[in-house]
Amino acid sequence: MIEQLRPYIVTAWHGHRNDANVPEAVRTVWNWKFQGQRNSGRVRQSNVDIALINPKGQVIHAFDGFHPSTPESETLGQYTARELLKARPKLGRFNGPRGKRPLILPGLEEGERGIRVFVRLWEDRMVAYRAPVVEVVPQQAVDWKPLAWPAKERVVQASALKPWLSQIYPPGVMERTNPQTKFVYAIKSTEGELKLRSIKSGGNNRQAILSGVVSLTDEGPNDFNYQGRIEVLLTYEQGKSAPRTLRGYFDGLYPRWDPRHKETRWLSLQAAFESLPE
Amino acid sequence: MRLVITSLAVVFLTGVAFSENPSAKRVLAGYEALRPSAKDLAMYRLDWAESLDVALKRAIRENRPICLVIIFAKYGDMASGHC
């Protein structure tokens, strides 16, 4: 599927039907979708559509991002690839890709420092939830101070690391969305007493480990929260207080409410952290 | 000669590996295990435009088609995946 998408410029748009300035291409797709002109008779629809647009800006094909009537033997990738093939003859002549693009992850501006956070929810019922989230959080000099070289073992409050720890939440979990504003409930607190201790104090590659349990609470009702264990390896140059590099992980459990079976399912929620620039 | 150099290199690298702190090795192993692989991050090999407006202008200039992902939601960041 990635190979078939290579010729395309890929972009995304989100919004509601009553929003001001809904783009023409989106109006075209939603007219097809909501007036039943596309896949008439279909009952279930997802909230994600994919539109293929020719170089002149005309929508030439559109399809539901999560086709509900796809045979179980067909993966989401195979289904998407099949729909992309349908569009190819209608696209006309266009310029092909110039070569294989390198993997370019979200990063920082030149000269900035920060932490990249990868998050994954191991949802076994919908594979789309397992797609990795990649967030980048810029860090100023003051943000590194809680992680300054530990000459003696000390406690670091997880609240001091909230800017990057608060990125540990799953993608697209609709029950954690404010029903009025439709915005996701942000993480309002990260709590826990983490231990920071040196493990190698000599030379130009001093090392310390930060470890403990972090509890994350979102701004939704009932103090919804979840926990996980964090371990981070920090390196320091000789004579410098701020960390030079940071690598680590979070391993926790996320309570997802299943309205159908009226029960909470505990899903593995994991994250990896790395400092930038690499 | 090549065998001697290779053997010395193996001995040296093994020594370095063994001198690493076991706690550090454990944390790095956890990080490596949980960091998504290049295959899992394949969407970042695509040619992303920051908005539909930018994509439409580029499509004309470069004579290329657009793949537009439309999300019926008030928020959504496809670049990060938190959507």
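Below, the structure is looked at part by part. (Residues numbered from 1 in each chain as written. Chains lettered and ligands numbered in written order. Predicted model: local features only at pLDDT ≥ 70, side-chain atom pairs only at ≥ 80, totals over all residues. Heavy atoms only, no water.)

### Section: the overall build of chain B
Along chain B, the regular secondary structure elements total 3 helices and 2 strands. For chain B, the α and β elements follow one another from N to C terminus as α-α-β-α-β. By residue count, 36% of the 83 residues in chain B fall in the buried class. (Helix = DSSP H or I, 4+ residues; strand = E, 2+ residues; numbered from the N terminus. Buried < 20%, exposed > 50% of the residue type's maximum accessible area, 1.4 Å probe, protein only.)

### What about the interface of chain B and chain A?
At the junction of the two partners, chain B supplies 51 residues and chain A supplies 75 residues. Carbon and sulfur atoms make up 64% of the area that chain B and chain A hide from each other, which totals about 6000 Å². In this structure, the connection of chain B to chain A is made through 4 salt bridges. Between A:R101 and B:D47 there is a salt bridge whose closest N-O contact spans 3.8 Å. Here chain B is connected to chain A by 26 residue pairs in polar contact (both at pLDDT 80 or more). With 8 residues, the top contributor of residues to the side of chain B that touches chain A is helix α2 (residues 22-34) of chain B. Grouping the constituent residues of the side of chain B that touches chain A by class yields 32 nonpolar, 9 polar and 10 charged. The pairing of strand β1 (residues 9-15) of chain A with strand β2 (residues 66-72) of chain B spans 7 bridges and is parallel. (Contact = heavy atoms within 4.5 Å. Buried area = accessible area lost by both parts, 1.4 Å probe. Salt bridge = Lys/Arg side-chain N within 4 Å of Asp/Glu carboxyl O. Polar contact = N/O pair within 3.5 Å; in protein donor to acceptor, adjacent residues only side chain to side chain. Nonpolar A, V, L, I, M, F, W, Y, C, P; charged D, E, K, R; others polar. Pairing = 2+ DSSP bridges.)

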